[in-house]
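Topology and contacts: notes
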Amino acid sequence: MEQNKVDELVGKYNEGLTDPSEVQQLEQLIEEGKVELTQLRNLERLDDQLNAIEAPAASLAMDDKFYAMLAKEKRKQESSAFSFKMPSWGWLAPRLAFSIVLLIAGFAGGSLINGKKNSDVELLTQQVAALKETMMLALLEKESASDRLKAVSLTTEMDQVSQKVTQALFQTLNSDPNLNVRLAALEAIAPYSRDGKVREELIRSIGKQDSPLVQVALAELMGQILEKKSLSEFEKILKDDKTPTEVKNRIKESINVLI
Amino acid sequence: MIAVRDGDVGRLGLLFERYKRPLYGFFYGMNRSQELSEDLVQNTFFRILKYRHLFRGEGDFRTWMFHIARNVSHDHFRKDKLKWKESIDDWQDRLGHDDNKEGEMQLNEKNAMLSIAMDRLPSDKREVLLMSKYQEKKYKEIGEIIGCSEGAVKVKVFRALQELKVIFHQLEKTM
């Protein structure tokens with residue numbers, strides 16, 4: 001079709017005067033790229049109005065769910081690939097390596113001189129554990145969330161955690177700005193939940209949590225360890241209008257065993 | 001996305017922050033439910049994570065993401081066998097029970113009617129208009145998502161807008 005006929009057809013369409021066969025012709029021209037949708041004024045106006053309409057905002061729970069899924073995937077990756085990767089711990093790695101080498105050299109030398117191999121190995125183990133603890137506490141202060149995640153994962157390498165480490169884990173659970181780190185801290189504390197003081201701290205933690213995911217994770221843990229004293233804290237969350245329904249349902253499911 | 005595919009899974013967070021709004025908007029435009037739309041966003045990113053190894057690195061991440069989103073949407077509605085309500089009375093009733101009624105009422109009247117008109121469009125036409133909106137009218141990319149030529153997408157958009165106009169005028173007369 002000649003250009004002037006095309007322009008005529010578009011003009012006719014914009015005046016609302018086209019018949020069905022002319023609309024079909026127009027469609028053919030659109031498909032061939034000879035007419036752009038922007039030339040069809042009424043439709044363009046409608047399209048602009050459509051683009052101006054905003055969907056209502058999603059809730060924060062959507063973000064929480066996504067980041068929990070991402071954290072789980074990262075933990076899965078880390079647990080399958082985890083090894084004592086010294087170079088990736090930046091400034092601390094060389095100091096730690098040097099300290100461990102010194103310790104090993106020192107105690108190897110000492111045991112040769114004194115012949116007390118068993119107690120020296122035990123002492124070495126304790127010193128390495130102390131170094132890990134120092135490293136963990138240092139990493140927890142770092143700005144990067146992945147460094148703080150590494151700090152929390154270090155505790156899983158410790159046979160026993162000291163009070164200092166437990167306190168640091170609770171501090172992280174209650175106030176770390178990153179949801180993934182808080183969830184990881186709860187996972188790290190879970191093995192020690194038989195301890196009476198740890199349980200008390202966990203119960204106190206419930207009231208300090210804003211994130212529905214952490215609340216649900218705490219409820220699941222309390223259900224598993226059968227901690228009835230946690231019920232009153234969860235009742236406050238269940239009565240709160242701001243708690244999403246899905247979260248209330250999950251919490252009720254978990255604490256059902258406690259009632 | 002290439003970094004995510006190659007192991008730096010944490011970087012998916014950046015993509016989530018960049019695309020969560022258009023993705024949520026697309027689903028919300030299709031089903032008008034906040035809760036369902038949030039679930040479908042989660043499902044989409046779950047699949048992106050699960051099938052990250054399939055991202056070839058050619059072309060736009062947004063196009064790939066909407067391709068997955070479309071499948072997530074279709075899978076959900078196929079499973080739930082939801083039927084779209086067409087009568088105006090049903091939609092007025094639905095507005096009455098919609099959690100976002102207050103949000104709707106805050107829009108000016110024309111926008112509210114346009115939203116209702118969109119809801120009354122057949123789902124395939126609604127989908128192509130939402131794709132056009134959230135893919136920023138990149139018709140070639142939309143063609144890749146829905147499996148047709150760029151020209152055919154423009155015709156689909158044309159037909160969808162035509163029908164939307166008719167429904168909108170009907171609503172203006174009735175309300």
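A short tour of the structure in this document, coming up. (Residues numbered from 1 in each chain as written. Chains lettered and ligands numbered in written order. Predicted model: local features only at pLDDT ≥ 70, side-chain atom pairs only at ≥ 80, totals over all residues.)

**What to know about the overall build of chain A**
We count it as follows: What counts as a helix is a DSSP run of H or I of at least four residues, what counts as a strand is a run of E of at least two, and both are numbered from the N terminus. Counting other C-beta atoms within 10 Å of a residue's C-beta gives its exposure: the residue is buried at 20 or more, exposed at 12 or fewer, and partly exposed in between, where C-beta atoms are placed from the backbone.
Per the secondary structure count, chain A includes 13 helices and zero strands. Going from the N terminus to the C terminus, chain A shows its helices and strands as α-α-α-α-α-α-α-α-α-α-α-α-α. Relative to its full complement of 259 residues, chain A shows a buried share of 25%.

**Quick word on the overall build of chain B**
Note the following rule: We call two residues in contact whenever the C-beta atoms placed from their backbones are within 7 Å.
Looking only at helices and strands, chain B has ten helices and zero strands in total. Counting the 175 residues in chain B, one finds 34% classified as buried. Contacts spanning at least 24 positions in sequence make up 66% of the contacts within chain B whose residues lie at least 6 apart.

**Some thoughts on the environment of B:E127**
Tracing the backbone through its elements, the reader meets B:E127 in helix α8 (residues 123-134). Along the chain, B:E127 and B:S73 lie 54 residues apart, while their C-alpha atoms are 10.0 Å from each other.

**A few points about the interface of chain A and chain B**
Worth spelling out the cut-off: Residues are grouped as follows: Ala, Val, Leu, Ile, Met, Phe, Trp, Tyr, Cys and Pro are nonpolar; Asp, Glu, Lys and Arg are charged; every other residue, Gly included, is polar.
Listed by partner, the interface residues are 28 residues for chain A and 32 residues for chain B. Of all the secondary-structure elements, those providing two or more residues to the side of chain A that touches chain B are α2 (20-32), α3 (41-52) and α4 (60-81) of chain A. Class assignment for the residues of the side of chain A that touches chain B results in 14 nonpolar, seven polar and seven charged.

**Some points on unusual backbone geometry**
Across residues other than glycine, the phi torsion is negative in most instances, and most of the peptide bonds are trans. Unusually for a residue other than glycine, B:R32 sits at a positive phi of about 60°. Relative to the assigned elements, B:R32 resides in the loop between α2 (12-31) and α3 (34-50).

**Details of the environment of A:A61**
Locating A:A61 in the fold gives a position in helix α4. Residue classification places A:A61 among the partly exposed residues on the basis of 18 C-beta atoms within 10 Å. Sequence separation of A:A61 and A:L213 is 152 residues, and the distance between their C-alpha atoms is 8.3 Å. Non-local contacts of A:A61, meaning those with residues more than four positions away in its chain, are made with A:P212, A:P244 and B:E38.

**Here we look at α2(B)**
Residue and element names in this part refer to chain B. Formally: The seven residues ending at a residue and the seven starting there each receive a fitted axis; the angle between those axes is the bend at that residue.
A bend of about 50° at Y19 is the largest found in α2, and the proline P22 appears one to four places after it. Every buried residue of α2 is listed here: L12, F16, Y19, L23, Y24, G25, F26, F27, Y28, G29, M30 and N31. One or two positions beyond α2, positive phi appears at R32, with a value near 60°.

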